[in-house]
Amino acid sequence: IIDTPGFILKSKNGEADRTPEDILAMVKAQAQPAHRLILFLQQSSVEWASSLWWNVVQEVDPQCQRTVFVASKFDNRLKEFQERWEVDKYLSAAGYLPPQVRPFFVTLPKERQITTNSEWRRQMGEVDNGVFKHLREGIKGGFDEERYSSRIGFNNLKKFLEEELARRY
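Everything numeric here is computed off the predicted structure, so don't read it as measured data. (Residues numbered from 1 in each chain as written. Predicted model: local features only at pLDDT ≥ 70, side-chain atom pairs only at ≥ 80, totals over all residues. Heavy atoms only, no water.)

(A) Main features of the sheet that holds strand E3 (residues 104-105). Within the open sheet, the three strands sit side by side as E1-E2-E3. Their pairing is parallel. If you trace the sheet from one side to the other, it starts and ends with strand E1 (38-43) and E3, each paired once. Note that strand E2 (residues 67-72) and E3 share two bridges and pair parallel. When the bridges of E3 are listed, Ala71 appears paired with Phe105. (Pairing = 2+ DSSP bridges. Helix = DSSP H or I, 4+ residues; strand = E, 2+ residues; numbered from the N terminus.)

(B) Expanded view of the packing of aromatic side chains. Counted under the stated rule, the structure contains nine aromatic pairs. Judged by centre distance (5.2 Å) and plane angle (45°), the rings of Phe74 and Phe105 are tilted. In this pair, Phe74 is assigned in helix H3 (residues 74-78) and Phe105 in strand E3, connecting sequence segments 31 residues apart. Grouping residues by exposure puts Phe74 and Phe105 together as buried. Ring geometry for Phe81 and Tyr90: centres 5.5 Å apart, planes at 40°, overall tilted. As far as the burial class goes, Phe81 and Tyr90 line up, both buried. An aromatic cluster is defined as three or more aromatic residues linked by ring pairs; in this entry it consists of Phe74, Phe81, Tyr90 and Phe105. (Phe/Tyr/Trp six-rings, centres within 6.5 Å; stacked < 30°, edge-to-face > 60°. Buried < 20%, exposed > 50% of the residue type's maximum accessible area, 1.4 Å probe, protein only.)

Take a look at the structure:
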């Protein structure tokens, strides 16, 4: 797993002027090899089509066969939805991502002082359960569970990545 810096439009004070271009070149170089799986993480408040990295993903993985799309802070986005059709439309990513792409939607615990793996797993489970509870009870009509439930929650993302890595490597 290689964690790369996020895209920036302009260098910060004290950084080299070429920092944005250097980051872009480094990320492309890391993502280019065909044997690498790309985890494209983006806050759910940013529309897929307006992501600064979308062009890079299209360049290095045009068919999106190696890219796993993940929308983080999904709990914040959920607050915008009232009815099932709104949630289902967002979860489908239709019109934003290619039809074969099925993104994941995750929320992490707010608590940042977690000290053990078991505590982390417990809190992740609670957060995932809270998201599902909101989708089922807080949205008029719920959501299309059959179609989308396996793509929601950190634990589902973790399971998918473990299975995908085992399958590929």
